[in-house]
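What follows is each chain in one-letter form.
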There are 2 protein chains.
Amino acid sequence: MAEIPTEFKDLLDKKGFAHVATIGPSGEPQSSPVWYDFDGYRLLFSQTKDRQKYKNLQKNPQIAISIHDPDDPYRYLEVRGEAEEIVDDPDFAFINSMAKKYLGKDKYPYLEPGEERVIVKVIPHHIPG
Amino acid sequence: MAEIPTEFKDLLDKKGFAHVATIGPSGEPQSSPVWYDFDGYRLLFSQTKDRQKYKNLQKNPQIAISIHDPDDPYRYLEVRGEAEEIVDDPDFAFINSMAKKYLGKDKYPYLEPGEERVIVKVIPHHIPG
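Right, let's walk through the structure included here. All values reported here derive from a predicted model rather than from experimental measurement.

### Digging into the interface of chain A and chain B
- Taken together, the contact pairs 21 residues of chain A with 21 residues of chain B.
- Every element with two or more residues in the side of chain A that touches chain B is listed here: strand 1 (18-23), strand 2 (29-34), strand 5 (62-69) and strand 6 (72-88) of chain A.
- With 6 residues, strand 5 of chain A is the largest single contributor of residues to the side of chain A that touches chain B.
- Broken down by class, the residue content of the side of chain A that touches chain B amounts to 10 nonpolar, 8 polar and 3 charged.

### Structural notes on the relation of the copies chain A and chain B
- For the match of chain A to chain B, the screw axis carries a shift of 0.0 Å, the RMSD comes to 0.0 Å, and the turn is 180°. As the rotation angle and translation indicate, the two copies are arranged about a two-fold axis.

### A few points about the pairing of strand 1 (residues 18-23) of chain B
Residue and element names in this part refer to chain B.
- With respect to burial, strand 1 is a largely interior element, 6 of its 6 residues being buried.
- Of the two faces of strand 1, both are covered, the one formed by A18, V20 and T22 as well as the one formed by H19, A21 and I23.
- Pairing between strand 1 and strand 2 (residues 29-34): 6 bridges, direction antiparallel. What sits directly across from A18, in strand 2, is V34.
- Linking strand 1 back to strand 2 in an antiparallel pair, the connection comprises 5 residues, with G27 at a positive phi of about 80°.
- When strand 1 meets strand 5 (residues 62-69), the two strands line up antiparallel, connected through 4 bridges. Opposite V20, over in strand 5, you have I65 as the bridge partner.

Definitions and cut-offs
- Residues numbered from 1 in each chain as written.
- Chains lettered and ligands numbered in written order.
- Predicted model: local features only at pLDDT ≥ 70, side-chain atom pairs only at ≥ 80, totals over all residues.
- Contact = placed C-beta atoms within 7 Å.
- Helix = DSSP H or I, 4+ residues; strand = E, 2+ residues; numbered from the N terminus.
- Nonpolar A, V, L, I, M, F, W, Y, C, P; charged D, E, K, R; others polar.
- Least-squares fit on C-alpha atoms with pLDDT ≥ 70 in both.
- Buried ≥ 20, exposed ≤ 12 C-beta atoms within 10 Å, placed from the backbone.
- Pairing = 2+ DSSP bridges.

Laid out in structure tokens, this is it:
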């Protein structure tokens, strides 16, 4: 496990976007932005079960996340690691906490009927640079 | 080849950051942000020859690029494709044009002594969503 350097810890509290790269069915990279949280040593993000990224991580937990500082786009953090744990978010507590952080709302306003969500917990193995 | 949808063409002129995902030496994804340009059908970015991303693309040209709109972070474009062509930028014409777009400067101000740069030209194969 690698630790996120102290000088980047402030970035983990900011309302930036984390671009998440996973490996698709043909071994190809895929990338998309997500909201993120930090539990003290892992990066966390929410995902619906019907998204390709969720399916990719079930097959191959290798993941890279790059975040650029919304206040200074020339400063960025890359984390390479593994989706160590993927747990259900049945009462939407986690996605609601993300809505609180990013939108200032108590409930995530974009839930679709029947939507199932998980929390992906990413353990850093390597922090380049 | 896939074409970038018309409704995203404006994004290609903006000064956003493109998060580039490539496949590393152990098959793991890697991700980092770059400046980008568009030549009408391919996404272009500059890279130094000593960076891991350049080495990755020499071995495996598969690439994914996600760009979120700097004016609306909930709007984003993902391009999956291939580094179809990687050409030298010996007189730094391309990186200088990127400095013009992003910094309003005629010359890229961060060149290191002896730095060698290439232009990576990414052909879209699939535009998800």
